[in-house]
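Chain by chain, the residues run as shown.
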Amino acid sequence: DAGVTQSPTHLIKTRGQHVTLRCSPISGHKSVSWYQQVLGQGPQFIFQYYEKEERGRGNFPDRFSARQFPNYSSELNVNALLLGDSALYLCASSSLPGGPQDTQYFGPGTRLTVL
Amino acid sequence: QKEVEQNSGPLSVPEGAIASLNCTYSDRGSQSFFWYRQYSGKSPELIMFIYSNGDKEDGRFTAQLNKASQYVSLLIRDSQPSDSATYLCAVTGGSARQLTFGSGTQLTVLP
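Let us look at the structure shown here. (Residues numbered from 1 in each chain as written. Chains lettered and ligands numbered in written order. Predicted model: local features only at pLDDT ≥ 70, side-chain atom pairs only at ≥ 80, totals over all residues. Heavy atoms only, no water.)

1. So, the nonpolar core
Heads up, the rule is: In this text, buried Ala, Val, Leu, Ile, Met, Phe, Trp, Tyr and Cys residues form a nonpolar core when linked through side-chain atoms within 4.5 Å. When a residue's accessible area, from a 1.4 Å probe over protein chains only, is under 20% of the maximum for its type it is buried; when over 50% it is exposed; and in between it is partly exposed. What counts as a helix is a DSSP run of H or I of at least four residues, what counts as a strand is a run of E of at least two, and both are numbered from the N terminus. A contact between two residues is defined here by any heavy atoms of the two lying within 4.5 Å.
One finds B:F33, B:W35, B:V72, B:L74, B:I76, B:Y87 and B:L107 to be the most contacted residues of the largest nonpolar core, which totals 23 residues. Of all the secondary structure elements, the ones that give two or more residues to this core are β3 (19–25), β4 (33–38), β5 (45–50), β7 (61–66), β8 (71–76), β9 (85–93) and β11 (105–110) of chain B. Once residues lying within four places of it in the same chain are set aside, the contact partners of B:I76 are B:A17, B:I18, B:A19, B:L21, B:R60, B:F61, B:D83, B:Y87 and B:L107. By size, the runner-up hydrophobic cluster in this structure holds 22 residues, among which are A:I26, A:I46, A:A66 and A:A87.

2. Re the sheet that holds strand β3 (residues 19–24) of chain A
Residues and elements named next belong to chain A. Rule in force here: Here, any two strands with at least 2 DSSP bridges between them count as paired. Interaxial angle, 0 to 180 degrees, is taken between N-to-C directions of lines fitted to C-alpha atoms, where a helix line uses only the stretch in contact.
With antiparallel pairing, the four strands of this open sheet are ordered in space as β1-β3-β8-β7. Both edges of this open sheet fall to β1 (5–7) and β7 (64–68), since each of them pairs with a single strand only. Direction aside, the axes of adjacent strands within the sheet are offset by 15 degrees on average. Pairing of β7 with strand β8 (residues 74–78), which is carried by five bridges, proceeds in the antiparallel orientation. Of the residues in β8, the one forming a bridge with A66 is L76.

3. Examining the interface of chain B and chain A
Inclusion rule: Salt bridge, as used here: a side-chain nitrogen of Lys or Arg that lies within 4 Å of a carboxyl oxygen of Asp or Glu. What qualifies as a polar contact is a pair of N or O atoms within 3.5 Å, subject to a donor-acceptor requirement within protein and to the restriction that residues adjacent in sequence count only when both atoms come from side chains. Residues were grouped as follows: Ala, Val, Leu, Ile, Met, Phe, Trp, Tyr, Cys and Pro as nonpolar; Asp, Glu, Lys and Arg as charged; and all remaining residues, including Gly, as polar.
Taken together, the contacts link 19 residues of chain B with 24 residues of chain A. At the surface where chain B touches chain A, the tally comes to zero salt bridges. Run the count over chain B and chain A and you get four residue pairs in polar contact (both at pLDDT 80 or more). Among the secondary structure elements, those contributing two or more residues to the side of chain B that touches chain A are β4, β5 and β10 (98–101) of chain B. Its residues assigned to classes, the side of chain B that touches chain A comprises ten nonpolar, seven polar and two charged.

4. Observations concerning the sheet that holds strand β6 (residues 54–58) of chain B
Each strand in a sheet pairs with its neighbour through backbone hydrogen bonds, running either in the same direction (parallel) or in the opposite one (antiparallel). Residues and elements named next belong to chain B. Ordered in space as β1-β3-β8-β7-β6, the five strands form an open sheet in which the pairing is antiparallel. Of all the strands in the sheet, the pair left with one neighbour each is β1 (4–6) and β6. In this sheet, adjacent strand axes meet at a mean angle of 20 degrees when their direction is disregarded. By the bridge criterion, six bridges tie β3 to β8 in an arrangement that is antiparallel. Opposite T24, over in β8, you have Y71 as the bridge partner.

Nothing here speaks to function; it is geometry throughout.
Structure (structure tokens):
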């Protein structure tokens, strides 16, 4: 079975631009979460979606938005890019959030560089 | 603010030794605990999860959980150079049961 897939792998943008990152979860998984990982730190939670509904949001500005599609794939959008948005963006999928033993599996990530 | 603390390291052990990685968390309501391994430039890879107090073994890896002390650890027996990576401790909590990560411990296994 295919794991979590993300596209693109790498992306270079300039300040002020916007970016769209894409994620497809593991087949059968209905929940997608997005995390941002800057160099030297652990991943930080941005969003979680389940059945196309937002289930949770981390401490990120409104420039960050996301959505989930009927096929459970997801997009993360970031507007008005800042230098500090340079990071590895990770998508994780799980079968059901909130269950006692849900486990999140990560995709390969998208490396975003803002110049 | 919910926090997960790990020794940043780096931690160096000789090949064949036991590597011990430690993690503490602040939220007593945390229910699930995870260890991820992350090679440089790659995404986190799940190693183990643990939900109940005590030990859980999987091959060379043993996770230990003590909810009273808010402490979780990972032991790697017979460490190999291929185990050299950053190890991330994560706990779940919040309405979305999102993962809260520590900053990771960098482990180097010396041949």
